[in-house]
Amino acid sequence: MCGKNSKLSIILGYAFTLIVIGIMVWAASIPDPTTNVHRKSALHSEKQRIGVSMPAKHLERWNHDGAMLKELLEKEGFDVEVLFADNNALQQNNDIQNLVANGADLLLIAAVDADSLAVQIDEAAKKGVKVIAYNRPISNTSGISYLITEDCFDCGAEMGKYVEKNLNLTRDDNRTYNIEIVSGDPADKCALIYYDGQMSVLSKYIDSGKLVVPSGQVTFEKTCTNGWSADFAGKRFQNLLSSFYTDNKKLDAVIATSDCLTIPVMKILETEYKGGNEVYVTGQDGEDSVLRMIIDGKKVMTIHKNIEQNAWVAVQLAKNILQSDAFVPEKLVETFDFDCDFDDKNFYNGKKYVPTYKVGCETITKDNYKEKLVDTGFYKINQNGYLEKVKR
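Residues numbered from 1 in each chain as written. Predicted model: local features only at pLDDT ≥ 70, side-chain atom pairs only at ≥ 80, totals over all residues. Heavy atoms only, no water.

Digging into the overall build of the protein chain
Here comes step 1: Summing up its helical and strand segments, the protein chain has 12 helices and 15 strands in all.
Here comes step 2: The buried share among the 392 residues of the protein chain stands at 49%.
Here comes step 3: Residue pairs at least 24 apart in sequence account for 70% of intrachain contacts in the protein chain once pairs closer than 6 positions are excluded.
Here comes step 4: Put simply, the protein chain shows about 19,300 Å² of open surface, and 51% of that area lies on carbon and sulfur atoms. (Helix = DSSP H or I, 4+ residues; strand = E, 2+ residues; numbered from the N terminus. Buried < 20%, exposed > 50% of the residue type's maximum accessible area, 1.4 Å probe, protein only. Contact = heavy atoms within 4.5 Å. Areas by Shrake-Rupley, 256 points an atom, 1.4 Å probe, with all protein chains shown as cover.)

Here it is in structure tokens:
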């Protein structure tokens, strides 16, 4: 009887030990609520994950950027999720929240509204997510790690120089010229910088009376275009023509800050302008329809931004942030074979000086598009005589 009890005790002892071990293993598997719940989510993938938030799918520029970023990042072995916000700031906030919830280790964000994202970005940063502002600055958050953009002021100045050169404004005579201004979205911090660049060239001619703005709409607040809306810009420009350019009054130039604004301006000039002359019109982003206008000999220009270069900077920056223990931000530009500057002292977003990579851009006109776009291998001339992007 004692022998049986002894065996029973041993069996019960083993059972108790197994139960204790099981409890310990189970307890160890429960996440510690005091640790960062984000981490790198192995639930989603063993790969590191990058979330890309673009402003709007209906704009050619952001479609190209989104596709290029996804392609290049995936080639580097990242899992990539791209979301488009339909030019809606609330939607973009929701998109960012979802990207973080889906396990993003890093976010690339081209902001719809620079002033509306601070809370979501700060929350993402608290969870260990790195954030790169792409093309557009983002305000009032310390959660931004870096900004990638072009030199917005210089781009604006190039538009002003195009008008200055083609109207021969430096000529010492009494001739005057009429001009109108179609500026960008006030929610986009770059839009005001573009405007300042334009005015750095043109304001002296406006002040002297050599350039006349018949509408009287000169300031950024009077000339801006909410949401970069082509419809809004078109209706406003149509109203300018019908109100201030009657009786065949001439218009000599239009400063349009982006191709998405250039296109409606050009359409209305072609159908409703009665001044008898061809008007010089500016733009930027190198959209296909504007490049076709340039080849057709229209008096229009665009600022070509090499999306592949912008995306390449973003990819290399993301790799170094996530995978390098010896990353020196200012040294990254030395690895590029194109124009890119690093600046960590001049862009203050209301909370911090944001380290910034500024990628170069080119003015494109009918006189130089072959040299700048075809001879460099970015485009080829297709069978219809127009530019076609070369797959690189």
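A few points about the sheet that holds strand β9 (residues 280–281)
Here comes step 1: Across the sheet, four strands lie side by side as β7-β6-β8-β9; this open sheet has parallel pairing. Of all strands in the sheet, those bounded by a partner on one side alone are β7 (211–212) and β9.
Here comes step 2: Taken strand by strand, helix α5 (residues 152–166) contacts β6 (177–182), β8 (253–256) and β9, and its axis lies near 170° from that of β8. (Pairing = 2+ DSSP bridges. Axes fitted to C-alpha atoms, helices over the stretch in contact; angles between N-to-C directions.)

Topic: the sheet that holds strand β3 (residues 106–109)
Whether parallel or antiparallel, the strands of a sheet pair through hydrogen bonds between backbone atoms.
Here comes step 1: Read from one edge to the other, the open sheet built from seven strands follows the order β2-β1-β3-β4-β5-β12-β11, with strand pairing classed as mixed. The sheet is open, and its two borders are formed by β2 (79–84) and β11 (340–343), each paired with just one other strand. For this sheet, the mean inter-axis angle between neighbouring strands, taken without regard to orientation, is 15°.
Here comes step 2: Of the strand pairs in this sheet, strand β1 (residues 49–54) and β2 are connected by six bridges, and their pairing is parallel. Of the residues in β2, the one forming a bridge with Ile-50 is Val-80.
Here comes step 3: Packed on one face of the sheet, helix α3 (residues 89–101) meets β1, β2 and β3 and runs near 175° to β1.

Quick notes on helix α10 (residues 288–295)
Here comes step 1: For α10, the complete set of buried residues consists of Ser-289, Val-290, Leu-291, Met-293 and Ile-294.
Here comes step 2: Contact partners of the buried residues in α10: α9 (259–272), β10 (302–304), β13 (362–364), α12 (369–374), β14 (379–381) and β15 (387–389).
Here comes step 3: Residue Gly-297 follows α10 closely and has a positive phi angle near 90°.

A word on the pattern of salt bridges
Here comes step 1: This structure, assessed with the given rule, holds 21 salt bridges.
Here comes step 2: Between Glu-123 and Lys-126 there is a salt bridge; the shortest N-O distance is 3.5 Å. One end of the pair, Glu-123, and the other, Lys-126, are both in helix α4 (residues 118–126), three residues apart, so they sit about a helical turn from each other.
Here comes step 3: Given a relative accessible area of 64%, Lys-126 falls into the exposed group.
Here comes step 4: One salt bridge connects Lys-210 with Asp-173, and the closest N-O pair in it is separated by 2.6 Å. Remark: Asp-173 occurs in the loop between α5 and β6 and Lys-210 occurs in the loop between α6 (189–208) and β7; sequence separation between them is 37 residues.
Here comes step 5: Since its relative accessible area comes to 10%, Lys-210 is described here as buried.
Here comes step 6: Owing to a relative accessible area of 28%, Asp-173 belongs among the partly exposed residues under this scheme.
Here comes step 7: Salt bridges sharing common partners tie together Arg-61, Asp-65, Glu-150, Asp-285 and Lys-305. (Salt bridge = Lys/Arg side-chain N within 4 Å of Asp/Glu carboxyl O.)

The values are spatial; any link to function lies outside them.
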